[in-house]
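The residues making up each chain are set out below.
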Amino acid sequence: MDSLFPNRGLNFDNGKFGQESTHQKGHILDVVINNNSDNSITQIQQTDCGLSDHLHITIETENSKPPHSKKTIVYKKTKNIDLQKFKHNIKMELVPAISKNKCVSEKVETYNSRLKNIFDKHAPNKLKTITIRPINGSWYTEAVRIQKRIVRKLERRWRKIMKSKMKQGKSCKDLEEENVSKEQYVNARKILNNQIKAANTIIQDIKDVIKLLPKKTCRLDPIPKWLLKDCVEELAPVILDIVQSSLHTSTVPACLKKAIVRPLLKKPSLDKNSYKNFRPVSNLSTLPKLIEKIVCSKLNTCLDENNFRSMVQSAYRKGHCTESALIKMHNNLVNYVADKKTTVLILLDLSAAFDTIDRKLLLNRLQTDFNIQNDVVDWFESYLSDRTQCVAIEDSLSDISVLQFGVPQGSVLGPILYTLYTTPINAIISAYELNFHLLPTILKFISLLLTIRNWTLYLEWKRA
């Protein structure tokens, strides 16, 4: 046995515990192996149970399970909040304080501080010690962890749907016949786009936007988003006051221009020690997103009424998507092949496209190309300037850095501003009589479909 495991420090001295034959014919077929330096095995017993030709072996050890490490965390018992008292405090403390302020910056500061104080009063911080249980199994990979989280999320959603439908007196058969999948989210997004009217910003618009917000809460929010939805009747007039003050004064307060960036691993199989394998995900608070939705609605109306959109734009445009762009490209390719024309497809990928925008050039382009003037341009200038961000890893925050270029990622206005910024590309390509199409830019790429009209031009292009 020693020749099979050289230099491993293993003990094969069976006589140490008086181990004898483990088979009815006197053979030692069942071997207990331990490290020479390990004295944890205290006794080995052999018993003939009459169930097999092998003896039953019992091992006694002095090993104890290693203790798990402990960690103290801060949490809030949000489920114990009395909503009626919480709403009453909003009416008595927050609403009067907001109405006294005339400056939009003071309104936002009051909104965040007062609302957070009310929240802390109803759900004070509590300490709890938890046990950290490391998972050493090789089967529990990052992909398994992500899939487990997705499954749990779907389970919670299904239980919520079942509970609400059962209250309506519907049977399980009725529930199975209903389509409660992706279509609901598509319809919810359509309702959102239809309900927010650019020319008439009223309280109902604010309520509708808040009700359709996703549940995820940003660290910068004074209260959780679910609590904001539950108190929408009380908070909608306050938020509307802030939105109108921002638009009338063409000012976006500095506290609404902060972002927290969290690094997200692109794929579970990638090396976590390499920074290039992470994708920065920017998180913004809820209040500036509400203001952006109102401005975005007005901007889209302006672009549509004045025909400022390119006919070949599929990015961030109602009724257009990747599928419509690919259908057009495929149709062009098939027609060119049928006409015996040589076709070249060029894909232009712009890395970190949102971060490459020159803000001064963007503002100038809004005025000259899209006739956006005066107070509106001043608001966009305030929106883009003096933006800051910091990186968050678990509970730790980096130093704050000022962003000199680009539009904010994770924002509502970022995609449409990027589209307007790249509009001159259309004129440049059209000047050379080339066909092109702008695809939705989740990966920020522009697809250019170049058609060579004859072989002479193709040969000249090839020689060049």
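Our structure is the block above this text.
Residues numbered from 1 in each chain as written. Predicted model: local features only at pLDDT ≥ 70, side-chain atom pairs only at ≥ 80, totals over all residues. Heavy atoms only, no water.

Undergrad: Quick rundown of a nonpolar patch on the surface? Include the residues and the values.
TA: Taken together, Ile28, Val31 and Ile33 make up a surface patch of nonpolar side chains, about 220 Å² in accessible area. Its location among the elements puts Ile33 in the loop between strand 1 (10-11) and strand 2 (34-35). Of the residues examined, Ile33 reaches a relative accessible area of 39% and is grouped as partly exposed. (Patch = residues over 30% accessible without salt bridge, like charges linked within 9 Å, V, L, I, M, F, W, Y side chains within 5 Å. Areas by Shrake-Rupley, 256 points an atom, 1.4 Å probe, with all protein chains shown as cover. Salt bridge = Lys/Arg side-chain N within 4 Å of Asp/Glu carboxyl O. Helix = DSSP H or I, 4+ residues; strand = E, 2+ residues; numbered from the N terminus. Buried < 20%, exposed > 50% of the residue type's maximum accessible area, 1.4 Å probe, protein only.)

Undergrad: Which residues make up the packing of aromatic side chains, and what are the values?
TA: A full pass over the atoms with the stated rule returns three aromatic pairs. Aromatic pair Trp379 and Phe380: ring centres 5.4 Å apart, planes at 85°, arrangement edge-to-face. When its relative accessible area of 4% is taken as the criterion, Trp379 is described as buried. With 5.3 Å between their ring centres and 10° between their planes, Trp379 and Tyr383 make a pair best called stacked. Here Tyr383 and Trp379 lie together in helix 12 (residues 374-384), a separation of four residues that amounts to about one turn. Side by side, Trp379 and Tyr383 carry an identical accessibility label, which is buried. Three or more aromatic residues link up through ring pairs in this structure, and these residues are Trp379, Phe380 and Tyr383. Positioned above the aromatic ring of Tyr75, the side-chain terminus of Lys128 is 4.7 Å from the ring centre. Sitting over the ring of Tyr383, Arg387 keeps its end group 4.9 Å from the ring centre. (Phe/Tyr/Trp six-rings, centres within 6.5 Å; stacked < 30°, edge-to-face > 60°. Lys NZ or Arg CZ within 6 Å of the ring centre and 35° of its normal.)

Undergrad: Give a detailed account of the nonpolar core, specifying residues and quantitative values.
TA: Core analysis: the largest hydrophobic core is formed by 59 residues, its most contacted members being Phe86, Leu94, Tyr111, Leu235, Ile239, Phe380 and Leu413. When residues no more than four places from it in sequence are discounted, the contact partners of Leu94 are Asn89, Thr110, Tyr111, Arg114, Leu115, Ile118, Leu235 and Val238. (Core = buried A, V, L, I, M, F, W, Y, C linked by side-chain atoms within 4.5 Å. Contact = heavy atoms within 4.5 Å.)

Undergrad: Go over a positive patch on the surface with me, naming the residues and quoting the values.
TA: Together, Arg149, Lys153, Arg156, Arg159, Lys160, Lys215 and Lys216 line one region of the surface with positive charge. Note that Arg156 resides in helix 3 (residues 142-167). (Lys, Arg positive; Asp, Glu negative; His and termini not counted. Charge placed at Lys NZ, Arg CZ, Asp CG, Glu CD.)

Undergrad: An account of the pattern of salt bridges is needed here, citing residue identities and associated values.
TA: Within this structure, the stated rule accounts for seven salt bridges. Salt bridges sharing partners connect three or more residues here, namely Lys76, Lys116 and Asp120.

Undergrad: Any chance you could break down the side chain of Asn101 for me, citing the residues and the numbers?
TA: Relative to the helices and strands, Asn101 is located in the loop between helix 1 (83-100) and helix 2 (104-122). According to the relative accessible area criterion, Asn101 is buried, its value standing at 16%. A polar atom in the side chain of Asn101 sits 2.7 Å from the side chain of Thr110. For Asn101, the residues in contact, after removing those within four places along its chain, are Glu106, Lys107 and Thr110. (Polar contact = N/O pair within 3.5 Å; in protein donor to acceptor, adjacent residues only side chain to side chain.)

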